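Listed here are the chains, written in short residue letters.
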Amino acid sequence: MGGSPILRLIAQRVAMGILLLFAVSALIFAGTQILPGDVAASILGQSATPTALANLRQELGLNDPAYVRYFRWLGGILTGDLGTALTTRQDIATTLGPRLWNTLFLAFWTAVVAIPLAILLGLLAVRYRNGPIDKAISGFALASTSLPEFFIGYLLIFFFAVKLQWFPSISTVYDGMPFLEKLQAIVLPGTALLLVVLAHMMRMTRAAILNVMQSAYVETAELKGLSQLNIIRKHAFPNAIAPIVNVVMLNLAFLVVGVVVVEVIFVYPGMGQYLVDHVAKRDVPVVQAVGLIFAAVYISLNIVADIASILANPRLRHPR
Amino acid sequence: MSNELEFLSRYVVAGRLSRRDFLGRAAALGASAAFANSLLGSAARAQGAVKGGILKAGLQGGEATNSLDPASFLSQVPFSFGKCWGEYLVRLKRDGSLENKLAEEIGASDDAKTWTMKIKQGVEFHNGKTVTAEDVAATITRHADANSKSGALGILTNITGVKASGNDVIVELANADADFPYLMADYHLIIQPNGGKDNPTEGISAGPYKVTVNEPGVRQGGEKFANYHGGDAMGHADQIEIIVINDATARTSALQGGQVQMINRVEPKIVELIKRVPGVTIQNVSGRGHYVFIMHCNTAPFDNNDLRLALKYAMNREEMLEKILFGYGTVGNDFPINAAYPLFTELEQRTFDPDKAKFHYQKSGHSGPVLLRTSDVAFTGAVDAAQLYQQSCAAAGITIEVKREPGDGYWSEVWNKQPFSTSYWGGRSTQDQMYTTAYYSKADWNDTRFFNEKFDQMLLAARSELDEAKRKQMYADMGTIVRDEGGLILPMFNDFIDASGAKAGGFTVHPAGEMMDGYALAECWVAA
């Protein structure tokens, strides 16, 4: 086998990821098939007549066997066609696009604030470990994580939207909205999410670095008289990167796939609300498409984390 | 009395008397809240609506799956938005009579089987085309087609033929129906170019607003249609917008923060708190919607009328109203009609009576627990209601076993399938419609499996009875049959509770439904 071992490892990871995605697609399809209830009945609601139901089922092609529908669906996806929503008859990719974009917008700006903040706080906690600063940082972060996100959301709304009226409680963003208004609209949901993900990343940073701080070379660094911050920055942090990246990616994935509650509270038009609406209506093609996108985001972020830890490992970077 | 009230209402409009004081004095003078409110609304209207601005509503009941095709309307947001951009043949007025919109005149043949509707001339659609009798006929045909998926199909099955002739639309019915014009007020029946047969989701009609924003499940909005035919009564704001807010707390805070001027579905338990917010007015109106416990009259053990009566007497309606609806509703009487319907007759009120329940229970010879299926999707608080009922039945010596079913698939697997369950009915526009939909022996949704020949005969006879007094008596007799022999336990009718902010001018509740029967955005204005 030629080529550098790093490239081989990375290629392996990516291939695994793609394989996994296929497996997930089969799981998603199977899962949506065993959902209770019937698409036609859900679309027409309580007021469905048997005739209307039969008409709709016929029209939606629900009478074909499952494997035929699976391969039809998979074939469509491989050619970039996510299909048509059963309920609205609109192209899924077109309606999904803006929602995905909104979700990524919120996730991106939350991450831009949350990741540096979490790592900085983690570093500070290590620097002043076991002192009042460490305890304050950890205490605050753990408290905010322990509160359920809907509670944090309502608290933020109560103080900043209703009482002080600094920010809107409704975060509806739309195409053509000025960028600064958009940012203002997502301040409250972004803050709520920030408070949810902060502690995990910060605690992991702290733990990972502290772990490295026990090793012999750090002791050596201390003995040669380096300052605490320099030791952390130059010697401890680079070696603690792998676990930190893992946690960061996990939280990034959460920001994309796990924000349904925050979206509902702040009326943010993202993927979560979109998915819930379609699950409620048994709009299977949309549920499948969203499920696949979520899985793809999750798997690719994990691949990135894997690759980052491979690259952070000097033994792999410099093979003998 | 009414002179004094009118005088006072002008005071309110002039800002010399607060709204709350006015309602207090109105109550002292013996006026109902609804009457006082409507008086206030008309006084404000007389004062003159403010033109311009953007009026926004935050509503529950919108999903990403909504479409602009009126046939698909089901939840509150499409319902309300439809009344902004859509135009109908007729509209239900607050007193229960009809107001002509695109129809100019509606007449029936003597046997009430052929109806002729003269269509108003010179009305323009949003796309510039003129509304013709052909468009109207095509609309009715589309919704009444047996293959249609329209929510209005159920009420239109009686139609055998529709044709346009000059300015008239002529509709032939299989059976006589004195109530036919009321059906045309159904919220699905928006008149579209060529009936929407070409492009049902384009959102073109002749209502006061043109659709400009359509992001289903997020927001929908429109701008004033310059050539609106209906004159000055509607379309005051330059723009209207509905923001879908399905979370109750988020809705309330949006109203408090001033981001929207009106909201629907205020939770009864927080009404007292909302009332204290300055500028916010609670707008509640009793409607036709009712909470039901339904038994299949043809399935054991419910095929025994004594058991059914026992279960009816074991229902504590007052307690249910107080604890589940926090008093925002009215007690029911085991038949699906209340004062919101035309030709309503009050029947003797059935009350909680453990002794009578015990008597009928013993007479039925039944023993062992009775299984009641429920889920919170039936109505908010349905599981609690089932447990309350379990308690009041226990007082009569009847054991109820409550089974909580998953919300998913409740409407397809439990309701109308299982012999005893909780459910909800939104009501219909006429008594005939309500009975035909759910109590006629041949109805698809005969969810109490009520097969009563005498009842069926009276229902059919009432349809062609043009003498109102006789019809009223027939409906009273039918109500009595359902109440005493049917499978329906009806503890309460719920109120619709909306709330409006200080900037929503002209909000006047409408007995037919929430958000002024959907017309709130079209009829209110942005107060200065």
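Worth saying up front: this structure is predicted, and the values here are computed from it rather than measured.

(A) Looking closely at unusual backbone geometry. Residue and element names in this part refer to chain B. The linkage connecting alanine 300 with the following residue, proline 301, adopts the cis geometry, with an omega of 0°. By the secondary structure assignment, proline 301 is in the loop between β12 (281-295) and α10 (305-313). Backbone geometry at asparagine 416 places phi at a positive 70°, although glycine is not the residue there. By secondary structure assignment, the location of asparagine 416 is in the loop between α14 (410-414) and β16 (420-425). Assessed through its relative accessible area of 14%, asparagine 416 is described here as buried. Despite not being glycine, aspartate 517 shows a phi value in the positive range, around 60°. Residue placement: aspartate 517 occurs in helix α18 (residues 514-517).

(B) View of the sheet that holds strand β6 (residues 159-165) of chain B. Residues and elements named next belong to chain B. Taken together, four strands build an open sheet; the order of strands is β4-β5-β7-β6 and the sheet is antiparallel. At either margin of the open sheet sits one strand with a lone partner, and together these are β4 (103-108) and β6. For this sheet, the mean angle separating the axes of adjacent strands, direction not counted, is 15°. Summarising the sheet, β6 and strand β7 (residues 168-173) pair through six bridges and their orientation is antiparallel. Paired with glycine 161 across the strands is glutamate 172, a residue of β7. Helix-sheet contacts for helix α5 (residues 133-144) involve β5 (114-119), β6 and β7, and the interaxial angle to β6 is about 165°.

(C) Up close: the pattern of salt bridges. Residues and elements named next belong to chain B. With the rule as written, the count across this model stands at 23 salt bridges over all chains. In this structure, lysine 83 and aspartate 517 form a salt bridge, with 3.5 Å as the shortest nitrogen-oxygen distance. Pair noted here: lysine 83 is in helix α4 (residues 76-85) and aspartate 517 is in helix α18, with a separation of 434 residues, a long-range link. Through salt bridges that share partners, Arg317, Asp334, Arg350, Arg483 and Asp484 make up one connected network.

(D) Layout of the interface of chain B and chain A. With 37 residues of chain B at the interface, the matching set in chain A holds 40 residues. Counting the surface lost from both chain B and chain A, the interface buries some 3100 Å², and carbon and sulfur atoms represent 59% of this. Remark: the boundary between chain B and chain A carries zero salt bridges. In this assembly, chain B and chain A are joined by five residue pairs in polar contact (both at pLDDT 80 or more). Where the side of chain B that touches chain A is concerned, the elements lending two or more residues are β10 (239-244), α8 (248-256), α14 and β16 of chain B. At five residues, α8(B) tops the list of elements feeding residues into the side of chain B that touches chain A. Class assignment for the residues of the side of chain B that touches chain A results in 15 nonpolar, 14 polar and eight charged.

Quick notes on the rules
- Residues numbered from 1 in each chain as written.
- Chains lettered and ligands numbered in written order.
- Predicted model: local features only at pLDDT ≥ 70, side-chain atom pairs only at ≥ 80, totals over all residues.
- Heavy atoms only, no water.
- Helix = DSSP H or I, 4+ residues; strand = E, 2+ residues; numbered from the N terminus.
- Buried < 20%, exposed > 50% of the residue type's maximum accessible area, 1.4 Å probe, protein only.
- Pairing = 2+ DSSP bridges.
- Axes fitted to C-alpha atoms, helices over the stretch in contact; angles between N-to-C directions.
- Contact = heavy atoms within 4.5 Å.
- Salt bridge = Lys/Arg side-chain N within 4 Å of Asp/Glu carboxyl O.
- Buried area = accessible area lost by both parts, 1.4 Å probe.
- Polar contact = N/O pair within 3.5 Å; in protein donor to acceptor, adjacent residues only side chain to side chain.
- Nonpolar A, V, L, I, M, F, W, Y, C, P; charged D, E, K, R; others polar.

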